[in-house]
Structure formats: structure tokens, C-alpha cells
Protein chains: 2
Amino acid sequence: MNKRQNKITIVDVATEANVSFGTVSRVINNDIHVKPETRERVQQTMERLNYVVNRQAQKLAGGRSNVIGLLVPDLGTGYIGEIIRGIDSELTLSDYDLMLYTTHRTASKEAGYVFSLAQDMVDGILLVLPRNPVDYTGTLAKKKFPFVLIDHQGTGKDCPAVGASNWQGAFNATDYLIQLGHKRIGFITGSLDLGAAIDRLDGYKTAMRTRHIPVESDLIYEGTFAQPDGYTGTIQFLNVEQPPTAIFASNDCMAMGVIDAIRDHGLKIPDDISVIGFDDIPQASLVRPALTTVQQPLEQMGRLATQMLLEILTDTDSKPHRIELPTQLMIRDSTAKPKAVQANREVIP
Amino acid sequence: MNKRQNKITIVDVATEANVSFGTVSRVINNDIHVKPETRERVQQTMERLNYVVNRQAQKLAGGRSNVIGLLVPDLGTGYIGEIIRGIDSELTLSDYDLMLYTTHRTASKEAGYVFSLAQDMVDGILLVLPRNPVDYTGTLAKKKFPFVLIDHQGTGKDCPAVGASNWQGAFNATDYLIQLGHKRIGFITGSLDLGAAIDRLDGYKTAMRTRHIPVESDLIYEGTFAQPDGYTGTIQFLNVEQPPTAIFASNDCMAMGVIDAIRDHGLKIPDDISVIGFDDIPQASLVRPALTTVQQPLEQMGRLATQMLLEILTDTDSKPHRIELPTQLMIRDSTAKPKAVQANREVIP
DNA sequence: GTGAAAGCGCTAACAC
DNA sequence: GTGTTAGCGCTTTCAC
């Protein structure tokens, strides 16, 4: 048949269809300047020959590669998985392919990957939980290279991004605990180099202050979003003079650690201590007691970001905007009134 | 500086370093025929100019693309996530990039993707939980296109594959239940078009027969590996004349459904009914009671498969082999002796 | 409307 | 050892 490796190229199609290969290219790219009959004939030939375009060649010749790059910090948590699901389901509807990169939480790799991808590999980039986007957003924007940031706030720059209202979520969760009657509320932060972590801490503090409850430094433990932090933070809280009656972990993973620590201390949830998380990962509703937490619309964030990127890809100068999706407090079984309040109730009347 | 879009090519590097661009190509490909000094000079120039190879062009020109394709059924379960983690961590050590495709459980898409990828996009393909590999393994093998199957058994063909000992795992789990004293053990199957599902069912049946316990058809429910199947299967079991004292679900997702159903019926685990799963997904140890399950070394499977692929990639005619990793019964809190046995204990002595 | 020709950035075969 | 050359499969002028 053909030279080697039964690879079908536009040349093969062209010969078979009795046209020049330039015309075949036009058909592929839906160019208007092709006679309908010719187009029809070429398309049939392509099908008959099982022709598939070579995207490398397409991209190299100056076209699009139809590949978008996805940069994530890691694959360890269900958190990222949810976002990827959203991206994937949206991408499946288009005909873009996905190139996945993991920075393994190494901030320094980030910019390197981004530039390498932007140079020629992909048509656009999606960045989940970027560590230091300032390193490259400027350059990317200058080159007019399409990209969207997912779950990142904090850069003053206005670049395309989708996130969740972390501040509001943390505020609401804290306020809910206060309304239950809690006054001593321990807070375990995420990595404070991440905007989301800062916003959550901020929401907690503001809620406390709004209700005139002092924010005490020994009730704030600095974590990194990893499960063990929840454990050690809790241990530390349990050792302060007047331990908290509720603990708010900046994500569900750490909340799991909190739960373990409380249990290991022979205390009961929510009777002795209430626990609240953030994210609403699939496990949250599965653990017993089911975890009260702040739900982030992760999958939807992935979806939206992808839609934005696709839009930028087609309409080159659509202005960048930042979308913030609402978070939602999911009240389940790990939170209750503090014992003191329960006792009061019985005594006072 | 250069023509357009400040893209640095080998030509730029060549001019800067005063060599021909062929030499630069040699340096890139670690060709031996380059004088050490020249190599050094070229490498420095590449760094100074921030040069990055264009992989599209590399692949097009007949070289490798340094991209491997990963085909997964979907991203919904932690199951696939674990495998991907293994793949990713192994790939990070090499300098291959990852292209991710989701078939969304559409078996028909599988072969299409595979051929499209194999045509030119990637150097090798990793297939997780393939639905009907027979459609393409033959062709791929004939073309000598590198690929590895993950978590699939059943094709008589001997193609490179890594899986887990599903049969043995199911046998052991069932036997464990029998030894606890259970005789009526409900079994919920996975999608029986998957080799793994068949093997697990088989392991269950064999264990029962080995211990001379009849395999009853109303204690076998045909599921699809999805959580709701666990729920409906359990409801059905609970309605048979003599309900099972233990339920073995073919994966942890379905086991979660089983747990819900049992709870909704006001029964306790493991007191009234023991539950056992398969896979040991992260949630398994997190739910209460912690789920007894058969652990599959998912991450390791991903790792191993990747190593195999990389090996095939470098050593073109390494003979294909199939690796089967051992499964391991993780005994936790969702299994116990059946009530009857517990009662007997107290009465007989 | 269609064909011909010039690259895109690179590898690999062949010279010297 | 290093330079030269011919493609890889495609897009995109520019002719006609």
C-alpha cells in the first residue's frame, strides 16, 4: 500500500480522491473554498481509508494541536480528582485531548512545565492549585497564551480564574459553631502560602471577632492540608489549659486526622468535641459520624474553568475574568451543642 | 531576536554556539559522536537561551515523542486514581509525559482511541481496565507498538499485562468468612464482562464448594461495580427466606452500598451481618465500622505496568509477560462471627 | 475552487 | 567529529 507502517496521510487520501493534498487539508479544516462534491468525495475517501489526522504535524505546521495541558500539584487526594472529573467531562464534549502533569507539590517545577507546555505542546493550560502563578501569568498573558487558574485567589492580577468562596465558607462554618454555643474553637490552617488557606483562616477570625470572641493563638495550629496535621494539631489543642469544644480543620483530610486524635483520646464526637471540615470530599459523608463540612463545588469548578479556557481558545480576546463559586455548609453528625450548653439547658428552666 | 514568538529552535542554538544544527540535534539525543567541548558549549548555549525541544517536531521527524498515552474507563472512583498515582510517580522518574484519555466506560471508544494514539501521538500506551482489548491487542502486537494492560485478565493472548490475583483474593475472603462460622454468604458480583469480576465470583464459588457449602443462586446478585448495586443487592438478600449472615461485595464501592442498606434496615454491622469488600480503596479504612476487604496493590500495579512499558520502549523486543500481584485480606471491623455461633458458644460449654 | 510550493522544528542518513 | 540534506505530515500562502 504505502511506504511503511500503513500510516495513512493526506497524500494517500489525495491520490485516492484525485485531488491535491492541499484540498484535503482544506476539507480537514472546514475551509469554505471547496466544492461541496469535492468535499464529499474527500470525506468519503478519508473514512474508507480510516484516515486520522496527525496532530503533531498539525501543530507543527502552525495549526492547533487540540491538546490542552493540565497541571496539578498531585494526585493523592480525592480533592484534585473531583476537579479533574469536571475538566474531563467538559473536555469530552469538545475534541480536545488532555495532557496531565504533576508538579508533586514542587513549586519550582511549576513555571518550568508551564513554559515548556506553552512553547509548543498545547493550545491552552489549566492550572489547579498553582503555587506561585506570579512566576508565569505575566509572561503568559503577554504572549496571549490561553490559560485558566483553578482554585487560586490572591494574585492582584486579573487573570482568568475560577475559585470558591473560601472566606465566606469558613465564616459560615465558624458562625454555625458559635451559634451552637461554642466559644473555644480550635482552628487548623492549611498551607499559608496558598490563598485559599489564608482566606479560610481569615473567615474564621472574622466570624470570631464579629461575635466578640477573642481569637487565641494557642487555638490556631498551622498545618499543611495533610492528614497528620489534623492529628498533631488536635493533640496540641487537647493539652492547652482550657481545650476547645470544637475544632475546625481547613480541609477534610486534616479533619480525618482530628477525628482519629479525638478518638484516641477516648473522647466522643460530637458529644465531647465537635469537628468541622472543608471541601466535602466523598469520604466526608462516609465516615462515622458523618462529617459536617463546607462543600466546595469541585467538579463544577473544573467544568467552568474548562469552559472558560475553551472560550478563550475560540475567541482570542475574550476578556479575562475571575469566577467565584459559592461554598455551602453541609451539616451532618460531627457537630453538636457543647456539653456546657446542653447542661445549662437541663438546669436553668 | 528571532522570527516570531520568541521561540528558540535548534537553529538559534546552533548559530549562537557556532555549530551546525545537526550537531545540536546530536547533543540533544546524547549521540556519542560529539566532542566533549562542543557538547559542553552547546549545552550551555541551550541553557542560556532557555531552549526547550519541540516534541511534536521530534516525533514527526521519526524520533520519540516522549509521551505515553493512558486510557482509563473513568475518573469516578478512587480505584483508578490509585493506579494513576503509581503510573505518575514512576513516570516522573523518567522524562515521559502523560496523555490521559477517558473512555467513560464506552467500550466502543476504546479501540478508536488506541489506534488514534498509536498512529502517531504517543510512544506507548497504558490501558487500565480495558473492556475489550481483543479488538486491538492483535493489531498493536503486529505493529510492534508498545502497550501494557493493567488489571485485566482473560484474554488467552499473551500480551504484556499486570493484574492482581483476584481469584485468590476472593477465595481467601470467602474462606475467612466460612471459618468465622458463616454458611449463608451473599455475593455481589462486578460487571461480568470484566475478567476480574469473573475471577472473583469464581474464587467465591470455589471456596464455598471446597468447604462443602452449597452455592445458592439467590445469594448471588449480579452488579456492575457501582455503589447502588450494593444497596439493591442487599435489599434483595434481606428478602430471601433465610437471609445471609455475611455479604461479600466484589468491590469496596458496592460494599459501601451494602453498609447503607443494612443500616437502613436497622441492622448492625458486624453483629447482625458481616460485610467484606474488595480493593481497599482509601475510604475502606475510614468508614465506621472500618471495612474488612481484600487489598489490591493498585499503586504498585500502576508502577509495575509503567516500568514494563518503559522497558519495552527501550528494549524493543523484550518478550511480553504477564505479572500477577498478590492480594491481601485486610481484616478490620466489619466482619465477625455470626450470631448463631456466638450464641452457641455461650450455650454449649 | 484547486494545485503547487514553502516551511514548521526536528531526526537520521550520508558526506567529508 | 561535524556539516549537509532529505524528509516526517501538515498549514498556509500564492498562483492559476
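A brief report on the enclosed structure follows. Nothing here was measured: the structure is a model prediction, and the numbers come from that model.

To continue, consider the interface of chain B and chain A. Taken together, the contact pairs 40 residues of chain B with 40 residues of chain A. Taken over both partners, the interface formed by chain B and chain A buries close to 3800 Å², and the fraction arising from carbon and sulfur atoms is 55%. Put simply, chain B and chain A have 0 salt bridges between them. Remark: the boundary between chain B and chain A carries 11 residue pairs in polar contact (both at pLDDT 80 or more). Where the side of chain B that touches chain A is concerned, the elements lending two or more residues are α4 (55-60), α5 (78-93), β2 (97-102), α6 (107-121) and α11 (252-264) of chain B. Partitioning the side of chain B that touches chain A into residue classes produces 18 nonpolar, 10 polar and 12 charged. Bridge count between strand β2 (residues 97-102) of chain A and β2(B): 3 bridges; the pairing is antiparallel. For A:L98, the partnering residue across the bridge sits in β2(B) and is B:L100.

All names here are of chain B. Turning to its location among the elements, T292 is positioned in strand β10 (residues 292-295). A distance of 2.9 Å separates the side chain of T292 from the backbone nitrogen of R332, its partner in a polar contact. When neighbours within four sequence positions are excluded, T292 is seen to be in contact with Y176, V275, I276, G277, L329, M330, I331, R332, D333, S334 and T335.

Here we take up the protein's contact with DNA strand C. Near DNA strand C you find 24 residues, and of these A:T23, A:R26, A:T38, B:I10 and B:Y51 are the closest. Within 4 Å of the protein, the contacting atoms of DNA strand C are drawn from sugar and phosphate to the extent of 65%. Separating a base oxygen of DNA strand C from a backbone N or O atom of A:L60 is a distance of 3.1 Å. Of all the secondary structure elements, the ones that give two or more residues to the surface near DNA strand C are α2 (21-28) of chain A together with α2 (21-28) and α4 of chain B. Of the residues in the surface near DNA strand C, the class split is 11 nonpolar, 10 polar and 3 charged.

The next thing to look at is the sheet that holds strand β7 (residues 220-222) of chain A. All names here are of chain A. On the basis of which strands lie adjacent, the open sheet formed by 6 strands has the order β7-β6-β8-β9-β10-β12 and mixed pairing. Looking at the sheet topology across the chains shown, the edges are occupied by β7 and β12 (328-330). Averaged over neighbouring strand pairs, the angle between their axes works out to 15° when direction is ignored. With 4 bridges joining them, strand β9 (residues 274-279) and strand β10 (residues 292-295) adopt parallel strand pairing. Within the sheet, the bridge partner assigned to D279 lies in β10 and is Q295. Along the sheet, helix α10 (residues 227-238) contacts β6 (185-189), β7 and β8 (246-249); its crossing angle with β6, the most-contacted strand, is approximately 145°. In the packing of helix α11 (residues 252-264) onto the sheet, the strands contacted are β6, β8, β9 and β10, and the crossing angle to β9 comes to about 160°.

Turning to the pattern of salt bridges, a few remarks are in order. Counted by the stated rule, this structure contains 24 salt bridges over all chains. Residue B:D279 is joined to B:R200 by a salt bridge in which the shortest nitrogen-to-oxygen separation is 3.7 Å. Of this pair, B:D279 sits in strand β9 (residues 274-279) while B:R200 is found in helix α9 (residues 195-210), placing the two residues 79 residues apart along the sequence. Owing to a relative accessible area of 4%, B:D279 belongs among the buried residues under this scheme. The structure contains a network of salt bridges with shared partners spanning A:E90, A:E299 and A:R303.

The rules behind the values
Residues numbered from 1 in each chain as written. Chains lettered and ligands numbered in written order. Predicted model: local features only at pLDDT ≥ 70, side-chain atom pairs only at ≥ 80, totals over all residues. Heavy atoms only, no water. Contact = heavy atoms within 4.5 Å. Buried area = accessible area lost by both parts, 1.4 Å probe. Salt bridge = Lys/Arg side-chain N within 4 Å of Asp/Glu carboxyl O. Polar contact = N/O pair within 3.5 Å; in protein donor to acceptor, adjacent residues only side chain to side chain. Helix = DSSP H or I, 4+ residues; strand = E, 2+ residues; numbered from the N terminus. Nonpolar A, V, L, I, M, F, W, Y, C, P; charged D, E, K, R; others polar. Pairing = 2+ DSSP bridges. Near = heavy atom within 4 Å. Axes fitted to C-alpha atoms, helices over the stretch in contact; angles between N-to-C directions. Buried < 20%, exposed > 50% of the residue type's maximum accessible area, 1.4 Å probe, protein only.

Such coordinate-based values are descriptive only and should not be taken to indicate function.
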